[in-house]
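# Structure assessment
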Amino acid sequence: MKPRYIPIMMAVALLGSCDLVTPDEIINPNVDESTFLRSDNPMETWVNGAEKEFALHMSDFVELMEILSDNYFNNYTRSSKVFDVPQLLYTDADVTKLQRHVGALREMADYGLTKVAGADPNANDAQRFHLLYIKAYSFLLAGDFFRALPVENGGEAVEWGGQLEKAIKVLDEALPLAKSNDDMAFVHTLYARAAHRLGNSQMAADHARQALAASANFYRQVRFDNKNGVLNGAQEAIWSDWFQPLPRLDFLDPKYFQMNSDEQCPITIAKAEEDYLILAEAALAANNLGEAKTQLSNLLVLVKSRPVQTGINDQLEGRYNGGLKAFPNDPAYRVQASPSDSLRVGLIIDRRPPFFISIPYISGTSVTQAMIDGLDSHDSALELLYLMRQEIFFAEGRRPADLGIRLPLCEVEAANVSNASNFTEAYIPSFVPLDYGLDDFTIDDNAKTVTIKYNMNRVIVQNARSADVAPFE
């Protein structure tokens, strides 16, 4: 009987995280399942490999979700040239890749929690916790960004709401294993994220409060390792001149940078800021403007406390460098979020020689306390809240979910799913502009002004009663 080999997507994770060796210390590239499960501390090896794959998959999600949104425009030839449109076909290789990432994370977690943990007498709760939050996160990714996906090999496609319900059930398993305050805050924030997207304001607010009670300033990241080839692909796109930010977000770019040639910046996957945002949005849904302003003020204090990297040399950026269109690169430019918005200063920073720049790399915002104090209506507060969501989650791959955009079931999966016909077209709300409209702006070089065509945060508010955006409304 032939030996059973570890599934290939799992073996890649395993062999990429450490070297498995035969007894004579020769690296064996064809480790079968039985040999691996009998090796020393296989659970430790498996968790390390799963964490590595989680980081790599998150970098792909961030790269592609950022250009799918109004955060970045792909000004070069690398990466997707159609997500910016947005054009999201079920035959697109990037749609397939992202869907496979979701399935791979789920299956790696499941295999570790069952097969590997069962074979390793040294398996512990900390390792199980890591695999459970990876599994929960796979369901969050499915629920945020896809119309429907299978939740098991060979299974039917489950719609996005069911994916989020699955995430909540996995978090129920993870929570008792969360021992530190930061771990508890992390799990409660993921609960709050899932409940927010489902429109359950009470559940979301309850978990947001529990998260902040555990840790009012936590953040959780996936990390990369240049020495071992675990690279942040989103950093390459953002730090180089591929992606250009919408001009009113210029002051936040690049969130991923290199202070030396080996640096690989981490990606934040959860943070306390989300809990304050959820509490503010829940207060607005309850028509409590005063409470919403209090939560936004608390949020602003947290954002201002976050670290800022100084001395970043971004002088080669140029905001053009032979790309498809020129972006402003002079702080004298004032920016308006739409033709009907006021012009704002300070959104474009000077990265031209001899200047170095400073960038907040956990969270940043252009919102001031005066702007929060001046809120006098539900709609103005909701618009400001979604601006803060956009700025705080900038370059973290979150924005398409706030815009209501969902990817289709890919062609490969559709061929094996009986209910695929319902989900093979992407869902793009009618109020989302097509033909590159999300990234459209005009520059008046004489007046030194930039006018963005669509203020999508106002568009969200204008369509808040739809089923596509603003889940608590």
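As the structure is a prediction and not an experimental result, all values here were calculated from the model.

Turning next to the overall build of the protein chain. On a plain count of helices and strands, the protein chain comes out with 16 helices and 11 strands. Taken over the C-alpha trace, the protein chain has a radius of gyration of 22 Å; the compact-globule value for 473 residues is 23 Å, and the two agree within 12%. Expressed along its principal axes, the backbone C-alpha trace of the protein chain runs to roughly 75 × 50 × 45 Å. Scored against the burial criterion, the 473 residues of the protein chain give a buried share of 58%. Summing over all exposed atoms, the protein chain offers an accessible surface of approximately 19,000 Å²; the carbon and sulfur share of this is 49%.

This brings us to the sheet that holds strand β11 (residues 449-452). The three strands are arranged β8-β11-β10 in an open sheet whose pairing can be described as mixed. Strands at the two margins of the open sheet, each flanked by one partner only, are β8 (334-336) and β10 (441-444). Adjacent strand axes in the sheet meet at a mean angle of 15° when their direction is disregarded. Pairing of β10 with β11, which is carried by four bridges, proceeds in the antiparallel orientation. Bridged to Asp 444 within β11 is Thr 449.

A few words on the pattern of salt bridges. Inspection of the entire model under this criterion finds 29 salt bridges. A salt bridge links Arg 128 to Asp 125; its shortest N-O distance comes to 3.6 Å. Highlighted residues: Arg 128 and Asp 125, both in helix α5 (residues 125-145), separated by three residues, approximately one helical turn. What makes Arg 128 partly exposed here is its relative accessible area of 26%. For Asp 440, the salt bridge identified is with Lys 453, shortest N-O distance 3.9 Å.

Reading fine detail from the predicted coordinates is not recommended where pLDDT is low. This prediction gives the protein chain a mean pLDDT of 92; 93% of its residues lie at or above 70. Low confidence marks residues 1-27, where pLDDT is under 50. Its contacts with residues over four positions away, or in another chain, come to 52 contacts.

With respect to the element layout, Asp 250 can be found in the loop between β5 (243-245) and β6 (267-271). Given the relative accessible area of 2%, Asp 250 is considered buried. For Asp 250 and Asn 153, which are 97 residues apart along the polypeptide, the C-alpha to C-alpha distance reads 42 Å. A distance of 3.0 Å separates polar atoms of two side chains, one belonging to Asp 250 and the other to Arg 351.

Another aspect to go through is the nonpolar core. Counting 150 residues, the largest nonpolar core has Phe 54, Met 65, Phe 83, Leu 296 and Leu 407 as its most contacted members. Of the residues forming this core, the biggest block, 13 residues, is contributed by helix α3 (residues 42-68). Setting aside residues no more than four positions away along its own chain, Phe 54 makes contact with Leu 105, Tyr 133, Ile 134, Tyr 137, Val 222 and Ile 269.

All chains considered together, the criterion is met by 14 aromatic pairs. Between the aromatic rings of Tyr 72 and Phe 394, the centroid separation amounts to 5.0 Å while the plane-to-plane angle is 25°, which identifies the pairing as stacked. Of the two residues, Tyr 72 sits in strand β1 (residues 72-74) while Phe 394 sits in the loop between α13 (378-392) and α14 (399-403), which places them 322 residues apart along the sequence. For Tyr 72, a relative accessible area of 0% corresponds to the buried category. Between Phe 73 and Tyr 436, the ring centres sit 6.3 Å apart and the planes meet at 80°, which makes this aromatic pair edge-to-face. Placement of the pair is Phe 73 in strand β1 and Tyr 436 in the loop between α15 (411-414) and β10, with a sequence separation of 363 residues. Residue class for Tyr 436 comes out partly exposed when judged on its relative accessible area of 34%.

Attention shifts here to the packing of helix α10 (residues 273-285) against helix α11 (residues 289-305). Any two packed helices are characterised by how steeply their axes cross, that is the angle between the axes, and by the distance between the axes. For the pair α10 and α11, the least separation of the axes is 7 Å and the interaxial angle reads 165°. Considered as vectors, α10 and α11 are oriented roughly antiparallel to each other. Like other packed secondary-structure pairs, α10 and α11 cross with a definite hand, here left-handed. Contacts from Glu 273, Tyr 276, Leu 277, Leu 279, Ala 280, Ala 283 and Leu 284 of α10 reach α11 at Leu 289, Glu 291, Ala 292, Gln 295, Leu 296, Asn 298, Leu 299, Leu 302 and Val 303.

In this structure, Asn 260 sits in the loop between β5 and β6. For Asn 260, a relative accessible area of 43% gives the class partly exposed. The spatial distance from the C-alpha of Asn 260 to the C-alpha of Val 82 is 32 Å, given a sequence separation of 178 residues. A polar atom in the side chain of Asn 260 sits 3.0 Å from the backbone nitrogen of Asp 262. Among the polar contacts made by the side chain of Asn 260, one reaches the main-chain amide nitrogen of Glu 263 at a distance of 3.0 Å.

Relative to the 18 Å expected for 13 residues at 1.5 Å per residue, α10 spans 19 Å between its end C-alpha atoms, a close match to the ideal helical length. Among the 13 residues in α10, 12 count as buried, and that is most of the element. The set of residues buried in α10 consists of Glu 273, Glu 274, Asp 275, Tyr 276, Leu 277, Ile 278, Leu 279, Ala 280, Glu 281, Ala 282, Ala 283 and Leu 284. As for α10, its buried residues are in contact with α7 (181-198), α8 (201-214), β6, α11 and α13. Just downstream of α10, Asn 287 is the residue with a positive phi angle, here 60°.

Conventions used here
Residues numbered from 1 in each chain as written. Predicted model: local features only at pLDDT ≥ 70, side-chain atom pairs only at ≥ 80, totals over all residues. Heavy atoms only, no water. Helix = DSSP H or I, 4+ residues; strand = E, 2+ residues; numbered from the N terminus. Rg over C-alpha atoms; globule rule 2.2 N^0.38 Å. Buried < 20%, exposed > 50% of the residue type's maximum accessible area, 1.4 Å probe, protein only. Areas by Shrake-Rupley, 256 points an atom, 1.4 Å probe, with all protein chains shown as cover. Pairing = 2+ DSSP bridges. Axes fitted to C-alpha atoms, helices over the stretch in contact; angles between N-to-C directions. Salt bridge = Lys/Arg side-chain N within 4 Å of Asp/Glu carboxyl O. pLDDT = per-residue confidence, 0-100. Contact = heavy atoms within 4.5 Å. Polar contact = N/O pair within 3.5 Å; in protein donor to acceptor, adjacent residues only side chain to side chain. Core = buried A, V, L, I, M, F, W, Y, C linked by side-chain atoms within 4.5 Å. Phe/Tyr/Trp six-rings, centres within 6.5 Å; stacked < 30°, edge-to-face > 60°. Parallel < 35°, antiparallel > 145°, perpendicular 65-115°, else oblique. Left-handed = near helix turned anticlockwise from the far one by under 90°. Expected span 1.5 Å × (residues − 1).

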